[in-house]
Amino acid sequence: MKNFVFLFICLLAGLVSAAQEKALYSSEKFEVYGNRVEQPPYKALALSATELHSDYQSPANAAYSPTFHFKFSLNSRDNEMISGTDHFVTVRPVNGEFASGMIKFGRQYVDTIGSVSTLPANTRWHVKLDLRDVMKAFETSGFYVLFNGQRIYKDDFKGVYIAGGAEPLTWDFENLNNNPSYELTDPGHDGIYEVTITLNPFKETAKSASWKLSADISAFASYHSDQMLADALYNLSLEEMLKDMRPDGAFMAGEKWDGVWTRDISYAIHLALAIINPEVAKVSLMRKVKNKRIIQDTGSGGSWPVSTDRTVWALAAWEVYKVTGDKNWLEQCFEIISNTWNDDRLTAFNSTTGLYFGESSFLDWREQTYPKWMEPVDIYGSQNLGTNAVHYEENQILAQMAKILGKPSAPYVSAAIQVKNGLNKLLWLPDKGYYAQYLYGKNYLISSPRSEALGEALCILFDIADKDHRTKVISSTPVTEFGIPCIFPQIPQIQPYHNDAIWPFVEAYWTLAAAKAGNEVAVEQGIAAVYRQSALFLTNKENFVASNGDFKGTAINSNRQIWSVAANLAMVYKLYFGMDFQPDGLYFHPFVPESFGGKKELTGFRYRNGVYQIKIQGSGNAIESFMLDGKKLSTPMLPAGMKGNHIVLIRLQSLLPKEQTLNMQKVDYTLPAPVIELSGDTLKFKEDVKTQKFTVYRNGGKLNETSASRFVLPKDDLYAEYMITTNDQQGYESFSDKPVIRHAAQREIRLEAEAFAAKSALAYKGFSGQGFVDLTKEKNVKFPFSVNIESAGTYVIFFGYSNGSGPVNTDNKCAIRSLLADGNVAGAVVMPQRGKDEWSNWGKSNYLQLKLQPGKHNFSLDLVLPQDQNMSGEVNTAMLDEIILVKAE
């Protein structure tokens, strides 16, 4: 019955809306009209500005492949077999059930006999895993040796899990332990672990759904245009914003996430919520402050400083000030941001490159955007495009705040210049016409030539890219049919979430950047991408799959995600009306593509002490005339001090360049990173059938390109780091495998920590030497040691440690110490979490470079400086095993 009602509604709307029949945007996948979205066989329809209907059904269950690959995991890590080697199975259900044969841990299992075209919904798959060798090793040796030589100790064993590429499985190894359905159990206590997975989970739902405005949105400006669809989505987004308000007066992240997260709320406020609800924005931002510093969201390796994009808070705080003019707010925020800036400069800034260390902004699920070999300490050492764009803008904001408050601004101006120069020098890819994703490696870094949508957009919006660069970025960065993916090309064998996915808030930033670059083609696609998802899904989803536009299939998703809500609202405020808030007033830079032209009106819009009715007529990117209360003004702005009720009329004209291009691509993937093996003086790499060539990097520079799967190294290497990437026939370059570090033995100095302080009494295992030393907030707060240097040169220093204070992927207990060399601070030593209660899991800290002369040098690892405090504030603990110095030059 519901289907017939929906068809009748569609027919009725078609008669009523004959004037809206011309598509505003059209592609091979979908079309957007003034009153609907069509993505055959599905349709979403706006009956009015307060009612939407959609018959969208996720097609994922109907095309579910019965053949897929999977792996097992000890302690929620990718540690069963070498990267690229998986188990394969073709599920052949009988009466909805299928049982695989016995699988032995660490030995590849392949069962792809026979096939069916698709797998029926809710197929139960029973898996048995032989873990007896692991259990035996625990009993006889106390540890099990993994394929890569690493050990897992019996005391550190937390469980065995299954990972894979078939829903509901995931390749996100580090989150397996957060879902009980992925854990195998040993019901017979015989070392045979079992689990039953319901594949292709599906629950029948109604064939059509609807949204009708049910919230009171009269406190906010109303929007009316010639496109009923846009009006309805604006009202839907206002309602979802209200639903995302918590009882404590702050915004939550979304329907599934009731927390206040720094990056989510900050990007949302910066996009639109500061304009619409500045007081709630203030409350939300202050929830993310501790000790007069911005709180970094929990993340890889224990949060800050592995992740450093907390500074996006500054963008939001500054936007709130510009909207409200609240001087008290400005003073309060300046202290918070400047304190944060000081800590970041001392702990997360590379003075050589001019860039900040730290994880990709918002792309905080490391396997989604980083090579598998990269541990949190390696992510800390990377230098990312989007994160540095945010740091650049933070410096610009601090400089402006300082000037208003009569404080020195020069340090911030200087720091901004450093970041901008670093990005344009080290990450700009002239052959591609956009910026690289990040620099990565160990002591010497190379760039990942993937594009990163948010970073590309922010470089344009913040004027890091000059006019020529921003034009190239918009026309050259790959986009796909459903919008711009977070990265391009995608990483193989990783479930969609940040990889192979589109996020509406990123799409909004990209669309605003395209407007600034004057690319109408890109703007039209961006608007359509935002409208398509919210209309068909009847909510502002967190993300959707890039390859098919479906909300189902990403690792995690949520309705009414706050930054997706803001993305939809930003199309009105920041794009169509081009609102640009500054301390002295509200400026307008509208951009209305021709196809989306016509009348647009905001009524009851409040700005400081004024209430405005703002009308736009026509289309284009330039203002032909700007009328305030019937008077033509030469500058399109509303002074901050205006009061009372006013009417603004803006007429547009187009001054767009004639030639505009968009780099439309199908969703595509690089090859996996080549597996590298060093045998004597020869590097050997595993070859893929699609490999066109390998690129060999030495100490961060390109050394050689070869089609051979081996490379003979120079015999005169004193210290060298080699990274290898592979290119396919399309020229896409993969990630490198873990760097191979080669140096003469006499260039290395190893010191045992217990030679300089009392040995710990804790019974952890796997350390070198005779023991290890406790580093806590109470023990060895200062850890002095000395080194005798025989020859002058540049030395790399790093530390062997363990940190079992929390999981690899969440929490906030990264251990941090300042290294003092001969009384001077040489840099931060960062020792991220390596697994909850896994204190026998030993790894290496970040690398620091020191120029040392011959003789004795006195060092100290100290926990007394403000920049050594992590986000926990209570726990800052590591076990220190050894000190390693290597002469690099």
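Structure shown above.
Quick caveat: nothing in here was measured; it's all calculated off a predicted structure.

Remarks on the overall build of the chain
Helix and strand counts for the chain come out as 15 helices and 56 strands. What you see for the chain is a C-alpha radius of gyration of 28 Å, in line with the 29 Å of a compact globule of 889 residues. For the C-alpha atoms alone, the extent of the chain along its principal axes is close to 85 × 75 × 55 Å. Counting every position in the chain, which comprises 889 residues, the buried fraction comes to 61%.

Describing helix α14 (residues 520-537)
Because each turn of an α-helix spans 3.6 residues, side chains separated by three or four positions in sequence point in the same direction. In this model, α14 (18 residues) spans 26 Å end to end at C-alpha, consistent with the 26 Å of a helix rising 1.5 Å per residue. Here α14 lies mainly inside the structure; 17 of its 18 residues are buried. Phi turns positive, to about 60°, at Leu538, one or two residues after α14.

Some words on the pattern of salt bridges
Under the defined criterion, the tally for this structure stands at 46 salt bridges. Asp248 is the salt-bridge partner of Arg246, the closest N and O atoms lying 2.4 Å from each other. Judged by its relative accessible area of 32%, Asp248 is partly exposed. The salt bridge involving Arg560 is made with Glu255; its shortest N-O contact spans 3.7 Å. Here Glu255 lies in the loop between α3 (228-243) and α4 (262-276) and Arg560 lies in the loop between β31 (544-545) and α15 (562-576), a separation of 305 residues in the sequence. The buried category is assigned to Arg560, whose relative accessible area is 15%. Given a relative accessible area of 41%, Glu255 falls into the partly exposed group. Taken together, the shared-partner salt bridges connect Arg263, Lys288, Asp297, Asp309 and Asp364 into one network.

Focus on the side chain of Thr308
In this structure, Thr308 sits in the loop between β20 (293-294) and α6 (312-324). Of the polar contacts made by the side chain of Thr308, one reaches the backbone oxygen of Phe357; its length is 2.8 Å. With near-sequence residues (within four places) excluded, Thr308 lies in contact with Gln296, Ala348, Phe357, Gly358, Thr387 and His391.

Remarks on the packing of aromatic side chains
Here the structure, examined in full by the defined rule, presents 57 aromatic pairs. Pairing Trp257 with Trp261 gives two aromatic rings, centres 6.0 Å apart and planes at 35°, and the pair type is tilted. Looking at Trp257, the relative accessible area reads 22%, which means it is partly exposed. Ring centres of Phe362 and Phe505 lie 5.0 Å apart, and the angle between their planes is 80°; on these two criteria the pair is classed as edge-to-face. Here Phe505 lies in helix α13 (residues 504-516) and Phe362 lies in the loop between β22 (355-356) and α8 (376-381), a separation of 143 residues in the sequence. Linked through ring pairs, Tyr267, Phe362, Trp365, Tyr497, Trp503, Phe505, Tyr509 and Trp563 together constitute an aromatic cluster. Taking NZ or CZ as reference, Lys600 lies 4.8 Å from the ring centre of Tyr576, over its face.

A look at the sheet that holds strand β23 (residues 383-384)
If you trace the three strands from one edge of the open sheet to the other, you get β23-β26-β27, paired in antiparallel fashion. At either margin of the open sheet sits one strand with a lone partner, and together these are β23 and β27 (445-448).

Quick look at unusual backbone geometry
Note that the residue after Trp304, namely Pro305, is joined by a cis bond; omega there is 5°. Mapped onto the elements, Pro305 comes out in the loop between β20 and α6. For the peptide bond that leads from Phe488 to Pro489, omega is -5°, which places it in the cis range. Along the polypeptide, Pro489 turns up in the loop between β29 (487-488) and β30 (501-502). A positive phi angle, near 55°, is found at His189, a position not held by glycine. If you trace the backbone, His189 turns up in the loop between β15 (183-184) and β16 (192-199).

What counts and how
- Residues numbered from 1 in each chain as written.
- Predicted model: local features only at pLDDT ≥ 70, side-chain atom pairs only at ≥ 80, totals over all residues.
- Heavy atoms only, no water.
- Helix = DSSP H or I, 4+ residues; strand = E, 2+ residues; numbered from the N terminus.
- Rg over C-alpha atoms; globule rule 2.2 N^0.38 Å.
- Buried < 20%, exposed > 50% of the residue type's maximum accessible area, 1.4 Å probe, protein only.
- Expected span 1.5 Å × (residues − 1).
- Salt bridge = Lys/Arg side-chain N within 4 Å of Asp/Glu carboxyl O.
- Polar contact = N/O pair within 3.5 Å; in protein donor to acceptor, adjacent residues only side chain to side chain.
- Contact = heavy atoms within 4.5 Å.
- Phe/Tyr/Trp six-rings, centres within 6.5 Å; stacked < 30°, edge-to-face > 60°.
- Lys NZ or Arg CZ within 6 Å of the ring centre and 35° of its normal.
- Pairing = 2+ DSSP bridges.

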